[in-house]
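Structural features, examined
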Amino acid sequence: MFTGIVEELGEIVRTTETGGDSALVAVRGPLVTSDARHGDSIAVNGVCLTVVDVEGGIFTADVMGETLRRTALGALRPGDPVNLERAAALNSRLGGHLVQGHVDGVGEVLSREPAAQWETVRFRLPAGLSRYVVEKGSITVDGISLTVAEAGDDWFSVGLIPTTLKLTTLGAKGVGDPVNLEVDVLAKYVERLLGDRVAGGDR
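Here goes a summary of the coordinates provided. (Residues numbered from 1 in each chain as written. Predicted model: local features only at pLDDT ≥ 70, side-chain atom pairs only at ≥ 80, totals over all residues. Heavy atoms only, no water.)

1. Describing the sheet that holds strand 9 (residues 138-141)
- On the basis of which strands lie adjacent, the closed barrel formed by six strands has the order 7-8-11-10-9-12 and antiparallel pairing. Across the sheet, the mean angle separating the axes of adjacent strands is 45° when strand polarity is ignored.
- Where strand 7 (residues 105-114) meets strand 8 (residues 119-124), six bridges bridge the pair, whose relative direction is antiparallel. Residue pairing across strands places Val109 opposite Phe123, the latter belonging to strand 8. (Pairing = 2+ DSSP bridges. Helix = DSSP H or I, 4+ residues; strand = E, 2+ residues; numbered from the N terminus. Axes fitted to C-alpha atoms, helices over the stretch in contact; angles between N-to-C directions.)

Structure (structure tokens):
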């Protein structure tokens, strides 16, 4: 489990195909690897990956083909920056919201509108996710916990403060660039519970 508060802007070092529709990804992140061990979880652009090895500020992780197809990780190349966050500890502050690191879909940047102290960025929503996105609700974009400013049928917008623009990948994302999206898991549980009640005739 994560909080969507990016700890470090890391970098893809290399991606090595390992056969069987999978790859071994090496990521540079001196901060997140400072106490990392084999088996630990680190979110890379919002995707929960399991550490296989750590050496010299670089960790490697196995990435299955399913993950490469269903997220934007497959489009990353050596040198690309990535948002990194270690798994949350039970005694840590929940600065963002509960993030699983399980990507629900890949969106894309639709527009950017700079202002004096912030920037409004609009993203396309994949089909089927709009029902989980509400104004003033939480959403995770490339591993960053953000508050939805506006929401439409197939889009949503957020306001990015200077710190987010400077310390995460969203500062350099251009129109058309893909982003990993994870909706608030609480919304999905509520939908399932209410659906079961309706199906059972309990009003």
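Once the structure has been displayed, the description carries forward.
2. What about empty space enclosed by the protein?
- Taken as a whole and judged by the stated rule, the model has one cavity of 30 Å³ or more.
- Of the voids in this model, the largest cavity is the one considered here, and its volume is about 40 Å³.
- Contributing to the lining of the largest cavity are Val6, Ala43, Asn45, Gly46, Asn83, Leu84, Glu85, Asp142 and Gly143.
- If one sorts the elements of the lining of the largest cavity by residue count, strand 6 (residues 81-86) sits on top with three residues.
- Each residue belonging to the lining of the largest cavity can be placed in one class, and the counts come to three nonpolar, four polar and two charged. (1 Å grid on protein atoms, 1.4 Å probe; cavity = no way out; pocket = protein on both sides within 12 Å on 5 of 7 lines; lining within 4 Å. Points joined across faces, edges and corners; volume = space filled by probe spheres on them. Nonpolar A, V, L, I, M, F, W, Y, C, P; charged D, E, K, R; others polar.)

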